[in-house]
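Architecture and fold: a report
Chain by chain, the residues run as shown.
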Amino acid sequence: MAQRILALAAEESPERLREALQSLGESELGDMVTRQALKGRETAALLRGIFKGSPCSQQSGVLRRLQVYKHCILLVESGDLHLAKASEIIGLLMLEARQLPGHALAELATLFVDVIKGGSLSNGKSLELFSTVLTALAGSKESLAYGKGELNGEEFKKQLINTLCSSKWDPRSVIHLANMFRDIPLSGEELQFVVEKVLRMFSKLDLQEIPPLVYQLLLLSAKGSKKTVLEGIISFFNQLDKRQKEEQKVPQSVDLEVATMPLDQLRHVEGTVILHIVSVINLDQDLGGELIRHLKTEQQKDPARALCPFSVALLLSVAVKHRLQEQIFDFLKTSITRSCKDLQFLQASKFLQDLFPQQYDVTAVILEVVKNSAFGWDHVTQGLVDLGFSLMESYEPRKPFGGKAADTSYSLSKTPAQQACRLGASILLETFKVHEPIRSDILEQVLNRVLTKAASPVSHFIDLLSNIVVSAPLVLQTSSSKVTETFDNLSFLPIDTVQGLLRAVQPLLKVSMSVRDSLILVLQKAIFSRQLDARKAAVAGFLLLLRNFKVLGSLSSSQCSQAIGATQVQADVHACYNSAANEAFCLEILGSLRRCLSQQVDVRLMLYEGFYDVLRRNSQLASSIMETLLSQIKQYYLPQPDLLPPLKLEGCIMAQGDQIFLQEPLAHLLCCIQHCLAWYKSTVHLCQGAEDDDEEEEDVGFQQSFEEMLESVTRRMIKSELEDFELDKSADFSLSSGVGVKNNIYAIQVMGICEVLIEYNFNMGNFSKSKFEDVLGLFTCYNKLSEILKEKGGKNKSTSGNKTARSFLSMGFVSSLLTALFRDNAQSHEESLAVLRSSTEFLRYAVSVALQKVQQLEETGQTDGPDGQNPEKMFQNLCKITRVLLWRYTSIPTVVEESGKKKGKSISLLCLEGLLRIFNTVQQLYTARIPQFLQALDITDGDAEETDINVTEKAAFQIRQFQRSLVNQFSSAEDDFNSKETQSLITVLSTLSKLLDPASQQFLQFLTWAVKICKENALEDIACCKGLLSLLFSLHVLYKSPVGLLRELAQDIHACLGDIDQDIELESRSHFAIVNAKTAAPTVCLLVLGQADKVLEEVDWLIKKLTSLGSDTSEDSSQASNQTQALEKGVILQLGTLLTVYHELVQTALPAGSCVDTLLRSLSKTYAILTSLVKHYIQACRSTSNAIPARLEKLVNLMQYMRLSTSRDFRINASMLDSALQEHSTEDAENEPDNDQSSTAEQTDENQEPKKKRRRKI
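The text that follows walks through the structure, step by step, so that each part is easy to find. In every chain, residue numbers begin from 1 and rise along the written sequence. Only residues with pLDDT of 70 or above have their local features reported here, since the model is predicted, and side-chain atom pairs are shown and tallied only from 80 upward, although totals for entire chains, interfaces and linings are computed over all residues. With hydrogens and water excluded, all non-hydrogen atoms of the structure serve as input to the side-chain values.

Right, let's get into the packing of aromatic side chains. The aromatic pairing rule takes the rings of Phe, Tyr and Trp, using the six-membered ring of Trp, and pairs them if the centres are within 6.5 Å, calling planes under 30 degrees apart stacked, those over 60 edge-to-face and the rest tilted. By the definition in use, this model includes 21 aromatic pairs. Ring centres 5.3 Å apart and planes at 65 degrees place the aromatic pair F356 and W1101 in the edge-to-face group. One end of the pair, F356, is in the loop between α19 (350-355) and α20 (362-372); the other, W1101, is in helix α49 (residues 1080-1110), with 745 residues separating them in the sequence. Accessibility assignment for this pair places F356 and W1101 in one class, buried. Judged by centre distance (6.2 Å) and plane angle (80 degrees), the rings of F919 and F933 are edge-to-face. Here F919, found in helix α42 (residues 907-925), pairs with F933, found in helix α43 (residues 930-937); they are 14 residues apart in sequence, far enough to count as distant. Through a chain of ring-to-ring contacts, three or more aromatic side chains come together here, namely F202, F236, F237 and F310. Ring-over charges, as used throughout, are those where CZ of Arg or NZ of Lys falls within 6 Å of the ring centre and within 35 degrees of the ring normal. One Lys or Arg, R449, reaches over the ring of F389 and ends 4.2 Å from the middle of that ring. Runs of E in the DSSP output that reach at least two residues are strands. Runs of H or I that reach at least four are helices, and both are numbered from the N terminus. With a 1.4 Å probe rolled over the protein chains alone, any residue whose accessible area is under 20% of its type maximum counts as buried; one over 50% counts as exposed, and the rest are partly exposed.

So, in structure tokens, the structure goes:
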């Protein structure tokens, strides 16, 4: 029969063809088409023949066509046909579809919907026909039956799409359906419906099926609904990431349905989806713009939903396209700093923490992206690198005008900008560790910035470079050419940058001879440069090489006082270079450095400060270095035993015209000799054993020479008078004349020499009485000069002479000296120590130097002298010094000591200042070691395990000691009250309170004590009052909102200063005794207003959060609604209580000046915030048709208690104010009557009316 139809169709016999087709039943027609299709011969010709004999002008023809269409759809979806044959059939049906009348198209479309609902689609090939049918149907003008009514083609299509999207889809068909909808003209509403349905199907599909579906969805978004598509994709993967994290927390998940998501599979799928989105954005730039707009909007509502690991990775991938890079990086940087600010804001307020228990940290999210990118996300890495450098450059350390840039490498990141810069470095370091192909690029960019930003701070890049090298030392070998190129520019870099750079790349010098040789050439050239910085760079480089290229036989780092540290590669140098070569190499360098001893003072200083480290690391160079130092000191040493003074000071200065300069830092030279000799005697000499006798005799020779020289210098320095140095009280010390400059240089050198000899004799004396008498004699010489300089400096304020010169004592010696002076109870030492203890001036000097050393450590992260750059040794010394100062301060009260004091600060007060600096320094530099620090102070608990250390308990114990001291101050007689000590005690307590857990009982006890102190002590000292109230506020905000406290203080201020209306008498009751006639204004008033402003900032921040939550229409809107109610309650409670604070202060007779100005500014902020709150509610009422909440009405009604006199006193035009308020409330007039009724609820705790505290005089 098929052949007959084909023949009739070819003969152009329409009548005979129609007759033949009419003779076939429906099943026969279908079987014929099926047999022809399965044979694979002339199927298209057969179908064309059937259509030719079935004209649409005849009802029978339309019915036959429908029969063919229905049969072919089922045939194609059966899976029995080859794909090519199915495509051929569908193609022909698509061509013929537009000839079908509307009712036939409607019937076909309904068939498709039924097939899809029934899950009968196998390959989805027939859906190409469905799209054509729907498109043709939409253009039909016929009235089509639908249910009991009629619809036109467009409306019928809309109903079909609605039915289709409301029904259940077979997950296997989703991709085909999404593809199909691309070819159908859809209205905005229809497209939104389709997109939402496809997004809902994500969770029903296997993970591997998501990327192709996302791609189809993205192509579909070309029609519209871009925001919905992007939001759905991001939200889906955000939820998957969260679920994956939950699974990782509970590895052995009982719920098998949950624990079915391999991490690597999820990451690979996410990476593929990101690539799809990027590729579509390349074709549709509007999609990229929509992505940024959507995330910006979401970020205002819920940062955690906007910037999740998936969305950040997506943004960074898109950012590679430079057109969007600036927008994306600006958005990310703004989000990062905002997140850091919000975190700081939350951490500083218990009130906010209760409202936002979940704290979002974008830095953790971005670092998670770096970790995720290890799963083949190469398209993200370039964006990560660019973002990292952008953050480091945008928020780099700032150089103050005319000053040196603050080095933040040793301190904590405190400001949001510092945290952002530190995040940039972390991104680059972690990316460097994870992605090997991009390592050389990161390294090159870091080195480029070190070179090109030499004028601005580069410490953050140096730190990053050092960390990079530590993480992968051998990577530098592949970039050695870039490193050598960097070396060529060393002469042009600041010395700090040179030292940091050389320390960072030092491991490469051990494994690459070519790099080392190129550095040596550069340094040898620089050492003869005319530029001082170039010569200093050369010295720094040579010292580094000497420290790290050990000669065979040198002591290992474990035998020395300091290990090499984490920045050094723990590799055996001798595997690369033999010891003979190393020795020749080091001696050659030493020869070059000897020539530097005739250069400027800065170069010599670097050598004297560096030789000790070289000795400690490379002990076999001891003889050469000691001989060099001996040769140098002999130029200034006068060997005649009776000649005074023992050193030629005139040889240490140089005249250039009428200017005098220091040429030889003699005290530094002697200091270097003293430390090197002490190290040599205690370490090398003891370890030599049976060595070569000649060498030993040679070593003993220079050791004996040094010891004899130092003994002689000590003896003669004690005998010398100031006149022997051409110095006395009548000498000129002004820095404006050549003689004055010379005398200052001489004085500082003599004082330095005395200090060096004090340390030498104390260490060598072994608690000998005679040696300690020598120490006291040297101190006498030092002290005379020190007093003269202070006296002269006091007269000439323009000089810096009143500042104490930097001490030459080492930190280690200071800790030992203090321990001996104050804590050594050994009977055998008693007689000798009595010599030193008899001098109060010496005791004060020892504590003052300790204070100076701690200050230097706090400001720079290191101290002068041996081990000054060793954090571990500095920490140990800090612990020792703290134990001594703590014991001394708590054992001998200042009052007892000051009774016999002559002048200057008491030792106890110096101890307290030292403790304050130490507590600050430890929290700044040794955050991770705070438990060990507190345990070191607790002598009774020395054996406790480190894991058992409770920081809060230990800190509370120390706090109690200082609480007792403060209470003693308040209890003392007025003449014995020490304001300076009280201020320091309050600051110490404030510093230690940061170590307490705000949720602990100890914190609550301390807060209760602080409240009690402020309530019971009528303190009139302004500075102490300010310190105490600041402490109280800082504690209170971490426990609960301070508004109640502020209200009581405001009432006290009002009662103390009186009312602006003189006819009104106030009740004479007080909450806080600290508020009195001397402190109420301006001190307490300004503190209260300052704290009120902080509360206003929190409220303003909350209102912005409220506004963003109010615009949230997501699925979690019910949760957002609950949060909104909590925020609204919090805002109104805060504002309600604050209004009572302002109510008190507005009526207080404040003195003219700062109090009134600050109050007016604060009131202005309050009214602005109230306006923002009312606007928020008006907007909320418009969008949700809800009434104004009763809470807000109560808050607004509180304003009625602002007395009418306020209008007069502050010149407020009441009629203008009323009209403005009426204008704002016209749209909500229906709520007006309720305002009067709500006044009955004003006695509730939420918005308590101001208490009536005044009565008229009779």
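Side-chain direction in a regular strand flips from residue to residue, so the side chains alternate between the two faces of the sheet. Examined bridge by bridge, strand β3 (residues 653-656) and strand β4 (residues 659-662) share 4 bridges and lie antiparallel to one another. Residue pairing across strands places I653 opposite L662, the latter belonging to β4. In this antiparallel pair of consecutive strands, β3 and β4, the connection spans 2 residues, and G657 shows a positive phi of 70 degrees. We treat two strands as partners when DSSP finds at least two bridges between them.

Here we come to helix α7 (residues 102-117). A helix is expected to span 1.5 Å for every residue after the first. Over its 16 residues, α7 runs 22 Å from end to end, which matches the ideal 22 Å to within 8%, given 1.5 Å per residue. Among all positions in α7, only G102, A104, L105, A106, L108, A109, F112, V113, V115 and I116 are buried.

Right, let's talk about the pattern of salt bridges for a bit. The salt bridge definition used is simple: a Lys or Arg side-chain nitrogen within 4 Å of an Asp or Glu carboxyl oxygen. The full count for this structure, using the stated rule, is 28 salt bridges. Between R293 and E290 there is a salt bridge, with its nearest N and O atoms 3.2 Å apart. Taken together, the residues span about one helical turn, with R293 and E290 both in helix α15 (residues 285-301) at a distance of 3 residues. Three or more residues are tied together by salt bridges with common partners; here these are D613, R616, D867 and K873.

In this section: the packing of α20 against helix α22 (residues 416-434). Where helices are involved, their axes are fitted lines through C-alpha atoms of the stretch in contact, as for all axes, and angles between N-to-C directions lie from 0 to 180°. Remark: α20 packs on α22, axes separated minimally by 9 Å, with the N-to-C direction vectors making an angle of 15 degrees. Considered as vectors, α20 and α22 are oriented roughly parallel to each other. When the axes of α20 and α22 are compared, the crossing they make is right-handed. Counted together, T363, I366, L367 and V370 of α20 and L423, S426, I427, E430, T431 and V434 of α22 form the full contact between these two elements. The scheme is simple: roughly parallel for angles under 35 degrees, roughly antiparallel for over 145, roughly perpendicular for 65 to 115, oblique for anything else. Helix crossings fall into two classes, left-handed where the near helix is turned counterclockwise from the far one by less than a right angle and right-handed where it is turned clockwise. Whether two residues touch is decided by their heavy atoms; if any such pair falls within 4.5 Å, the residues are in contact.

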